[in-house]
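Given next are the chains, with one letter for each unit.
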Amino acid sequence: MDLKIILDNILSPPILFFFLGAFSVAVKSNLEIPHALAQFFTLYLLMDIGFKGGHELSTSQLTPTILSTLGACMIMACLVPIYAYFTLRTKFSVENSAAIAATYGSVSAVTFVSAVSFLTTIKQPFGGHMVAAMALMESPAIIIGVIIYQFFSAKELQKIKVDEAELALSGGKMEHNHTAINWNHLLSDAFFNGSVLLLLGSLIIGYVTGKPGWKSFESFDALFKGILAFYLLDNGIIAARQIRSLQGNVIFLLCFGTLMPLFNAIVGILICKYILGTSIGDALLFTILCASASYIAVPAAMRLAIPKANPALTVPVALGITFPFNVIFGIPLYYFIITSLWK
Amino acid sequence: MDLKIILDNILSPPILFFFLGAFSVAVKSNLEIPHALAQFFTLYLLMDIGFKGGHELSTSQLTPTILSTLGACMIMACLVPIYAYFTLRTKFSVENSAAIAATYGSVSAVTFVSAVSFLTTIKQPFGGHMVAAMALMESPAIIIGVIIYQFFSAKELQKIKVDEAELALSGGKMEHNHTAINWNHLLSDAFFNGSVLLLLGSLIIGYVTGKPGWKSFESFDALFKGILAFYLLDNGIIAARQIRSLQGNVIFLLCFGTLMPLFNAIVGILICKYILGTSIGDALLFTILCASASYIAVPAAMRLAIPKANPALTVPVALGITFPFNVIFGIPLYYFIITSLWK
Amino acid sequence: MDLKIILDNILSPPILFFFLGAFSVAVKSNLEIPHALAQFFTLYLLMDIGFKGGHELSTSQLTPTILSTLGACMIMACLVPIYAYFTLRTKFSVENSAAIAATYGSVSAVTFVSAVSFLTTIKQPFGGHMVAAMALMESPAIIIGVIIYQFFSAKELQKIKVDEAELALSGGKMEHNHTAINWNHLLSDAFFNGSVLLLLGSLIIGYVTGKPGWKSFESFDALFKGILAFYLLDNGIIAARQIRSLQGNVIFLLCFGTLMPLFNAIVGILICKYILGTSIGDALLFTILCASASYIAVPAAMRLAIPKANPALTVPVALGITFPFNVIFGIPLYYFIITSLWK
Amino acid sequence: MIKSKKVEIIVESVKVNKIVYQLEEIGVPGFTIVGNISGKGSTGVLDHARKAKVFEHTYLFIVCDEEHAQAIVEYMRGVLKYFSGSCFVSDVLLLRSEKA
Amino acid sequence: MIKSKKVEIIVESVKVNKIVYQLEEIGVPGFTIVGNISGKGSTGVLDHARKAKVFEHTYLFIVCDEEHAQAIVEYMRGVLKYFSGSCFVSDVLLLRSEKA
Amino acid sequence: MIKSKKVEIIVESVKVNKIVYQLEEIGVPGFTIVGNISGKGSTGVLDHARKAKVFEHTYLFIVCDEEHAQAIVEYMRGVLKYFSGSCFVSDVLLLRSEKA
Ligand SMILES: Nc1ncnc2c1ncn2[C@@H]1O[C@H](COP(=O)(O)O)[C@@H](O)[C@H]1O
Ligand SMILES: Nc1ncnc2c1ncn2[C@@H]1O[C@H](COP(=O)(O)O)[C@@H](O)[C@H]1O
Ligand SMILES: Nc1ncnc2c1ncn2[C@@H]1O[C@H](COP(=O)(O)O)[C@@H](O)[C@H]1O
Ligand code: NA
Ligand code: NA
Ligand code: NA
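Just so we're clear, the structure is a prediction, and the values are computed from it rather than from any experiment.

Colleague: A description of the overall build of chain D should follow, citing residues and the corresponding values.
Modeller: Each helix and strand in chain D was counted, giving 2 helices and 6 strands. The linear arrangement of helices and strands in chain D, starting from the amino end, is β-α-β-β-β-β-α-β. With 100 residues in all, chain D has 60% of them scored as buried. On chain D, roughly 4,000 Å² of surface is accessible, and the fraction owed to carbon and sulfur atoms is 50%.

This is the structure:
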């Protein structure tokens with residue numbers, strides 16, 4: 001039965017378009033999605049999922065389970081980077097380990113959206129608060145990643161170099177304190193990041209405008225699957241290019257990029273089952289939040305906060321390995337495990 | 001009751017997305033709408049509103065009220081810049097006064113579209129000819145602005161400078177006559193402006209293709225509110241940046257940017273009530289045409305025709321003050337006044 | 001009755017928007033569709049038509065007629081360039097004749113899509129395999145064009161020059177064999193061309209995902225006519241510019257650009273009637289595939305394969321003359337002939 | 001290689017058509033236009049208000065001989081008196097290519 | 001025409017804000033930013049992963065006097081020690097335009 | 001600062017891949033590509049027909065030493081015999097940056 005779900009997922013249009021994109025890279029086709037469009041699809045998906053979640057929330061009650069789910073999300077966002085860091089540290093430098101670890105603490109919105117699409121297809125309900133949960137999980141990992149980095153690089157006396165990089169950028173003059181990290185900037189960047197803002201904003205707008213708001217949005221929302229397919233076509237192109245540019249310890253990264261999400265997913269499932277007691281739909285979304293890794297916001301934030309980390313290491317793992325793994329196998333697999341456990 | 005309507009308007013998704021955009025600027029978020037998309041939204045809204053108006057027209061009859069409404073629009077487009085000019089002249093140079101005045105004689109398509117969205121939400125009908133009225137009002141103010149400028153700058157003997165600017169651009173050789181303004185170019189730019197053309201073209205296409213045409217367009221039109229929300233998100237970002245770059249006599253501009261549309265609206269309402277005798281829906285649209293100010297087409301035309309006018313003065317008032325004022329407070333307020341009077 | 005169909009076609013929104021675009025160029029309007037959008041419309045139309053065709057195919061049976069239709073498409077794709085070449089050779093050089101001839105052997109996706117839109121409007125059914133037929137016809141003409149060119153340029157001893165161009169590009173070092181054409185590259189470019197890939201990929205995805213896939217796509221597909229209208233607006237702008245840049249023997253090109261598609265259409269109609277025995281809908285689509293000329297993929301491929309051919313000659317004929325001729329007059333005219341014959 | 005001048009111009013987008021027209025009058029052999037720029041100069045930051053076309057600038061450059069460069073500079077001297085922008089000139093060696 | 005320097009900088013897009021801020025601190029008279037570039041340098045091809053913002057680069061140039069150019073170069077020397085990019089300087093003649 | 005050459009190339013977009021391949025063969029240290037240009041040259045105005053890819057041009061530049069510049073110019077001399085475009089060279093001082 002497991003296989004059947006996975007196959008059904010693979011044979012859904014968005015996933016097939018993902019493969020089409022990857023195939024086009026393999027055969028060196030000139031298929032190309034203009035950058036402005038890819039940005040539009042991202043904005044649309046965030047806006048739509050936020051609005052939908054807000055509308056959903058406006059029709060439901062704030063239960064203790066919801067609150068504890070949100071809390072559990074925050075905890076996972078802080079916990080994952082820590083154990084990911086120690087795993088990575090066996091092969092990589094402090095900087096790279098901290099940067100990669102941070103991406104796994106955060107989430108990938110499109111992986112989440114794919115899971116929502118999966119649930120919608122099989123008509124499994126889920127709560128609007130899970131969208132809020134996603135928004136909550138976007139940023140804490142950035143902070144944790146930086147803290148990990150500061151803590152361990154101080155230990156290893158490499159901190160000085162970082163200071164120098166930051167010092168160079170600010171033209172030699174360092175602001176009051178002497179730490180390299182400008183926490184002010186980092187925090188505001190993390191929490192007022194464009195996608196977090198749009199997601200939370202749409203959530204609130206969907207919540208506030210309730211049913212009449214939703215009605216005016218419905219035919220916009222109807223494009224959801226089509227645009228997701230388009231987006232995954234583009235992501236297939238990008239992910240295939242990323243996987244080709246994998247460097248360093250490729251085998252280790254391949255294992256890490258698939259086993260880490262799997263492990264995080266299992267932790268997530270166990271939390272849902274034995275601590276939170278969520279519904280099946282919410283459990284899948286919680287799991288996918290734990291399992292997914294950020295390949296846009298966190299690497300960009302890390303580039304600013306930990307300049308010595310090599311983004312050519314971070315992005316290929318998160319986008320080239322973990323993203324396809326989750327979207328193709330992860331979602332149906334986690335769902336299979338959940339339905340087995342919940343019975 | 002007034003307050004209730006205003007609140008309802010503020011709590012509609014498009015307006016809330018406008019606030020979200022403005023908020024993102026306030027917190028220095030990196031939220032950004034690609035330029036190509038903003039252009040797409042504009043094109044879509046013009047096409048859709050034009051087509052819808054044309055379809056509407058094809059189902060109705062040409063009444064004397066319609067004709068007199070169109071005439072009244074033209075008259076207002078010529079009248080507004082004149083009294084706006086004299087108000088502005090108390091604080092600004094001839095050039096700047098003429099340029100700002102012209103923007104108030106013209107219209108803002110998105111303000112109009114927002115009013116249409118408002119009417120649609122409260123199910124208040126309106127005539128398709130109002131779209132034609134908007135198209136008619138786009139350009140005359142440009143001509144009037146230039147005439148005002150020529151008339152008063154001649155008086156003040158500053159005309160020479162303008163000639164020089166135009167002369168410089170054309171490499172020293174001036175075409176036959178010695179006025180700085182190339183009326184030929186100006187008129188064709190004004191009347192064959194991209195947005196006027198698309199609006200009128202879509203209106204005619206909607207009219208000609210009638211019901212079958214509309215049917216094939218309906219699901220495209222269903223995206224209307226979603227795209228308006230997206231567009232206002234972008235406009236919120238832009239307007240907030242504009243308001244920050246207000247310069248010169250800020251308090252005067254703030255007053256002018258809110259009181260001028262209010263005054264124009266009241267004039268518009270009185271004309272509808274006591275001269276034209278329009279329906280409530282048409283009255284609101286006529287009023288919003290009078291009250292709104294152009295922040296794209298007219299400033300660009302003024303840059304060509306009155307180079308000495310400072311666009312960094314014109315755009316912030318029209319886009320940073322008058323646009324939000326109209327869209328947030330103006331529409332429901334004018335509607336309230338109209339329904340009170342029409343009772 | 002002929003006239004009535006043509007008139008109905010001209011008065012459909014997409015065609016009227018095409019005229020609006022052309023008109024905007026005539027009056028020198030600044031109406032402009034951002035490039036990224038035009039690309040989006042192309043991608044959307046290919047994806048949608050492919051998906052629709054695949055879905056259609058999944059509900060039908062593979063009949064001998066279908067197979068022979070696909071075969072006939074391939075044959076026409078090879079035949080058309082040959083007789084087009086000899087016609088053109090009376091006025092143009094070997095290079096230019098081969099390049100123009102190749103465009104007529106291939107197809108224009110938007111012309112095909114317009115014919116689909118025409119059939120949908122008049123509720124005439126057609127088979128999903130015609131989309132596969134279009135995909136099959138995109139590339140062979142490129143190969144044929146190059147073969148023609150090689151064959152006749154060898155004869156005329158001009159081949160050396162081509163070698164030199166290719167040699168120059170590759171920095172003097174020529175790969176093993178001494179022919180100028182890199183067949184490997186050419187074939188993979190032709191068959192893994194972005195639009196062929198997206199079309200075939202969507203076709204397969206539509207076929208594989210069948211009815212549930214289609215259901216999730218339906219509301220995306222509903223935008224079809226609106227986006228086609230938008231696309232033709234843009235094409236009207238581009239085609240009008242192209243027609244203005246026609247050079248060389250303009251009268252000959254005008255005749256060729258209208259009579260060649262007409263002739264190809266008649267050949268196509270006769271094949272459908274007397275050899276294939278297709279339905280009316282399939283006959284129109286087969287005919288339009290024969291009649292249309294590629295103005296994007298083939299000219300770009302020719303630029304690489306036959307550098308001495310002048311693209312400023314190829315594109316204006318295909319895009320400025322044949323495209324509007326087919327879309328405005330051709331489709332209803334061919335349809336009229338077909339219905340007359342099929343009676 | 002021919003000793004040539006590269007004249008670089010940044011100017012308000014709304015004026016570009018006129019300037020290009022004038023460049024052709026002057027008889028330059030060619031020019032290249034790079035769109036989509038932002039920047040800052042004496043009139044302030046320019047990408048503030050991309051929706052307002054008036055603030056857009058365009059970057060173009062012309063490679064030509066000394067005399068043409070002189071003519072462009074003289075022309076731009078007049079233009080920049082009234083309009084926002086910048087213009088500067090440098091030496092380049094142009095590859096003389098004869099078509100085969 | 002004033003003898004000036006044109007300083008051209010290619011640098012990671014995520015760092016551009018800080019660099020622009022520093023340019024203003026240095027007091028340059030203006031700068032122009034050209035977005036949407038791709039390229040290749042010591043750290044490899046750059047348009048591989050446009051979706052991943054970290055790989056984006058930006059191209060900007062500044063026309064200024066010798067001293068400012070010196071200051072920018074000194075600054076960029078530090079920056080390029082740690083970040084990907086390139087910086088080079090050439091001579092230009094700047095058109096001195098007085099506003100009318 | 002190292003005395004270097006900046007080689008600027010404008011060439012038909014359909015040929016860019018081959019040219020970039022050849023630049024790497026020549027062994028240039030890097031290059032930057034600026035897309036989305038329009039312009040005019042001996043073969044006429046180029047943005048007429050953006051939908052027809054054949055008319056698109058691309059602008060790229062390479063900063064390198066004298067020898068590499070020479071090699072690129074020789075290569076481009078051949079290319080421009082057959083294809084539309086332009087190529088010119090100027091002197092720049094390249095900032096030598098050692099990574100920390
Ligand atoms: N010194 C400079 N270096 C580079 N670009 C400049 C400079 N000065 C002005 N610009 C460009 O020209 C535009 C207009 O300048 P301005 O008219 O001085 O405001 C700016 O937005 C910049 O793009
Ligand atoms: N020699 C060069 N010539 C032109 N552009 C260069 C050169 N070296 C580096 N660049 C540009 O700077 C970016 C980053 O270079 P790098 O830090 O060396 O990887 C490249 O992607 C190019 O856009
Ligand atoms: N003298 C020039 N200055 C600047 N750009 C040029 C020049 N000549 C040609 N170009 C550029 O190269 C492209 C092709 O030139 P051509 O092959 O001469 O038609 C033009 O569209 C311009 O973008
Ligand atoms: Na995670
Ligand atoms: Na007005
Ligand atoms: Na054909």
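Colleague: Mind laying out the overall build of chain A, listing which residues take part and the relevant values?
Modeller: For chain A, the count of helices and strands is 16 helices and 0 strands. Dimensions along the principal axes, computed over C-alpha positions, put chain A at roughly 55 × 50 × 40 Å. The proportion of buried residues among the 343 residues of chain A is 64%. Excluding contacts between residues fewer than 6 apart, the proportion of contacts in chain A whose partners are at least 24 apart in sequence is 88%. Carbon and sulfur atoms make up 69% of the accessible area of chain A, which totals about 12,200 Å². Distance from the positive charge centre (19 side chains) to the negative charge centre (17 side chains) of chain A: 6 Å.

Colleague: Could you give an account of the coordination of the sodium ion (ligand 6), naming the residues involved and the relevant values?
Modeller: Residue and element names in this part refer to chain C. Within the protein, the atoms that donate to the sodium ion (ligand 6) are Y104 (O), S106 (O), L289 (O), C290 (O) and S292 (O), at distances of 2.5 to 2.8 Å. All donors of the sodium ion (ligand 6) come from a single chain, and their spacing in sequence reads Y-x1-S-x182-L-C-x1-S. In this pair, S106 is assigned in the loop between α5 (94–105) and α6 (109–121) and C290 in helix α14 (residues 280–291), connecting sequence segments 184 residues apart. Looking at S106, the relative accessible area reads 0%, which means it is buried.

Colleague: Now, about the relation of the copies chain A and chain C: what can you tell me, with residues and values included?
Modeller: With an axial shift of 0.0 Å and an RMSD of 0.0 Å, the rotation relating chain A to chain C amounts to 120°. The superposition operator between the copies reduces to a three-fold rotation axis. For chain A, the smallest separation between a C-alpha atom and the rotation axis is recorded for A36 of chain A, amounting to 3.9 Å. Of the residues that chain A buries at the interface, just 8% are likewise interface residues in chain C, meaning the two copies contact each other through different surfaces.

Colleague: Can you lay out the pairing of strand β6 (residues 85–94) of chain F for me, pointing to particular residues and giving the numbers?
Modeller: Relative to β6 of chain F, strand β6 (residues 85–94) of chain D runs antiparallel, the two sharing 2 bridges. Of the residues in β6 of chain F, the one forming a bridge with L93 of chain D is V89 of chain F. By the bridge criterion, 10 bridges tie strand β1 (residues 2–12) of chain F to β6 of chain F in an arrangement that is antiparallel. In the strand pairing of β6 of chain F, E8 of chain F is matched with F88 of chain F.

Colleague: So what's going on with helix α1 (residues 16–26) of chain F? Residues and values would help.
Modeller: All names here are of chain F. By the burial criterion, the buried members of α1 are V16, I19, V20, Q22 and L23. For α1, the angular spread of the buried residues around the axis is 160°, confining them to a single face. α1 presents N17 and Y21 as exposed residues on the side facing more than 90 degrees away from its buried surface. Looking one or two residues past α1, G27 carries a phi angle of roughly 95°, positive in sign.

Colleague: Lay out the coordination of the sodium ion (ligand 5) in plain terms, naming residues and giving numbers.
Modeller: Residue and element names in this part refer to chain B. Every protein donor of the sodium ion (ligand 5) is listed here as Y104 (O), S106 (O), L289 (O), C290 (O) and S292 (O), and their distances to the metal cover 2.5 to 2.8 Å. All donors of the sodium ion (ligand 5) belong to a single chain; written as a sequence motif, their spacing is Y-x1-S-x182-L-C-x1-S. Placement of S106 in the loop between α5 (94–105) and α6 (109–121) and of S292 in the loop between α14 (280–291) and α15 (297–305) is noted, with a sequence separation of 186 residues between them. As far as the burial class goes, S106 and S292 line up, both buried.

Colleague: Describe in detail the packing of α6 of chain B against helix α12 (residues 224–244) of chain B, supporting the description with residues and values.
Modeller: Residues and elements named next belong to chain B. Packing of α6 against α12 brings their axes to within 11 Å, and their N-to-C directions diverge by 135°. The angle between α6 and α12 falls in the class oblique. For α6 against α12, the interelement crossing comes out left-handed. Here V110, V113, S114, V116, S117 and T121 of α6 come into contact with α12, specifically with F224, K225, L228, Y231 and L232. Taken together, the residues of the contact of α6 with α12 break down into 7 nonpolar, 3 polar and 1 charged.

Colleague: Summarise the pairing of β1 of chain F; cite the residues concerned and give the values.
Modeller: All names here are of chain F. The buried fraction of β1 is high, at 9 of 11 residues. With 8 bridges connecting them, β1 and strand β5 (residues 57–64) associate as antiparallel partners. When the bridges of β5 are listed, E8 appears paired with F61.

Colleague: Explain the relation of the copies chain A and chain B to me, using residue names and the numbers behind them.
Modeller: When chain A is fitted to chain B, the best match, at an RMSD of 0.0 Å, comes from turning it 120° and sliding it 0.0 Å along the axis. Little of the interface of chain A is mirrored in chain B, where only 9% of its interface residues are also at the interface.

Colleague: Before we move on, could you go through the environment of L246 of chain A and cite the residues and values that matter?
Modeller: All names here are of chain A. Mapping L246 onto the fold places it in the loop between α12 (224–244) and α13 (250–276). On a C-alpha basis, the gap between L246 and T278 in space is 38 Å, while along the polypeptide they are 32 residues apart. Apart from residues lying up to four places away in sequence, L246 is in contact with L253, P316, V317 and I321.

Colleague: Talk me through the arrangement of the chains; I want residue IDs and the actual numbers.
Modeller: With respect to C-alpha atoms, chain A approaches chain D no nearer than 13 Å, and the pair has no contact. A minimum C-alpha distance of 13 Å separates chain C and chain E, which share no contact.

Colleague: Describe in detail the interface of chain A and chain B, supporting the description with residues and values.
Modeller: Listed as interface residues are 23 residues of chain A and, on the opposing side, 26 residues of chain B. Interface area for chain A against chain B, summed over the two sides, is near 2,100 Å², with a carbon-plus-sulfur share of 84%. Our count for the chain A to chain B interface comes out at 0 salt bridges. In this structure, the connection of chain A to chain B is made through 4 residue pairs in polar contact (both at pLDDT 80 or more). Of all the secondary-structure elements, those providing two or more residues to the side of chain A that touches chain B are α3 (35–58) and α11 (194–221) of chain A. The element best represented in the side of chain A that touches chain B is α11 of chain A, accounting for 13 residues. Of the residues in the side of chain A that touches chain B, the class split is 14 nonpolar, 9 polar and no charged.

Colleague: Mind laying out the interface of chain A and chain C, listing which residues take part and the relevant values?
Modeller: At the interface, 26 residues of chain A touch 23 residues of chain C. For the pair chain A and chain C, the summed buried surface comes to about 2,100 Å²; carbon and sulfur atoms form 84% of the total. Between the two partners, chain A and chain C, sit 0 salt bridges. Elements supplying a minimum of two residues to the side of chain A that touches chain C: α2 (13–26), α3 and α12 of chain A. In terms of residue class, the side of chain A that touches chain C is made up of 19 nonpolar, 5 polar and 2 charged.

Colleague: I'd like a description of α12 of chain B, backed by residues and values.
Modeller: The end-to-end C-alpha separation of α12 of chain B is 30 Å, in line with the 30 Å expected for 21 residues at 1.5 Å each. A large share of α12 of chain B lies buried, amounting to 19 of its 21 residues.

Colleague: How would you summarise the side chain of E138 of chain A if you had to cite specific residues and measurements?
Modeller: Its place among the elements puts E138 of chain A in helix α7 (residues 129–138). Those residues in contact with E138 of chain A that sit more than four places away from it in its chain are S106, V107, S195, V196, A297 and V298 of chain A.

Colleague: If you had to explain the confidence of the model for chain D to someone new, which residues and values would you point to?
Modeller: Residue and element names in this part refer to chain D. Scored by pLDDT, chain D has a mean of 86; 87% of the residues are at 70 or more. Of all the helices and strands in chain D, strand β4 (residues 44–45) carries the lowest mean pLDDT, 60, while β6 carries the highest, 96. Per the prediction output, this complex has pTM 0.90; the corresponding ipTM is 0.89.

About the thresholds
- Residues numbered from 1 in each chain as written.
- Chains lettered and ligands numbered in written order.
- Predicted model: local features only at pLDDT ≥ 70, side-chain atom pairs only at ≥ 80, totals over all residues.
- Heavy atoms only, no water.
- Helix = DSSP H or I, 4+ residues; strand = E, 2+ residues; numbered from the N terminus.
- Buried < 20%, exposed > 50% of the residue type's maximum accessible area, 1.4 Å probe, protein only.
- Areas by Shrake-Rupley, 256 points an atom, 1.4 Å probe, with all protein chains shown as cover.
- Contact = heavy atoms within 4.5 Å.
- Lys, Arg positive; Asp, Glu negative; His and termini not counted.
- Charge placed at Lys NZ, Arg CZ, Asp CG, Glu CD.
- Donors = N, O, S within 2.8 Å, 3.2 Å for Na, K, Ca; no water.
- Least-squares fit on C-alpha atoms with pLDDT ≥ 70 in both.
- Pairing = 2+ DSSP bridges.
- Arc of directions from axis to C-beta.
- Axes fitted to C-alpha atoms, helices over the stretch in contact; angles between N-to-C directions.
- Parallel < 35°, antiparallel > 145°, perpendicular 65-115°, else oblique.
- Left-handed = near helix turned anticlockwise from the far one by under 90°.
- Nonpolar A, V, L, I, M, F, W, Y, C, P; charged D, E, K, R; others polar.
- Buried area = accessible area lost by both parts, 1.4 Å probe.
- Salt bridge = Lys/Arg side-chain N within 4 Å of Asp/Glu carboxyl O.
- Polar contact = N/O pair within 3.5 Å; in protein donor to acceptor, adjacent residues only side chain to side chain.
- Expected span 1.5 Å × (residues − 1).
- pLDDT = per-residue confidence, 0-100.

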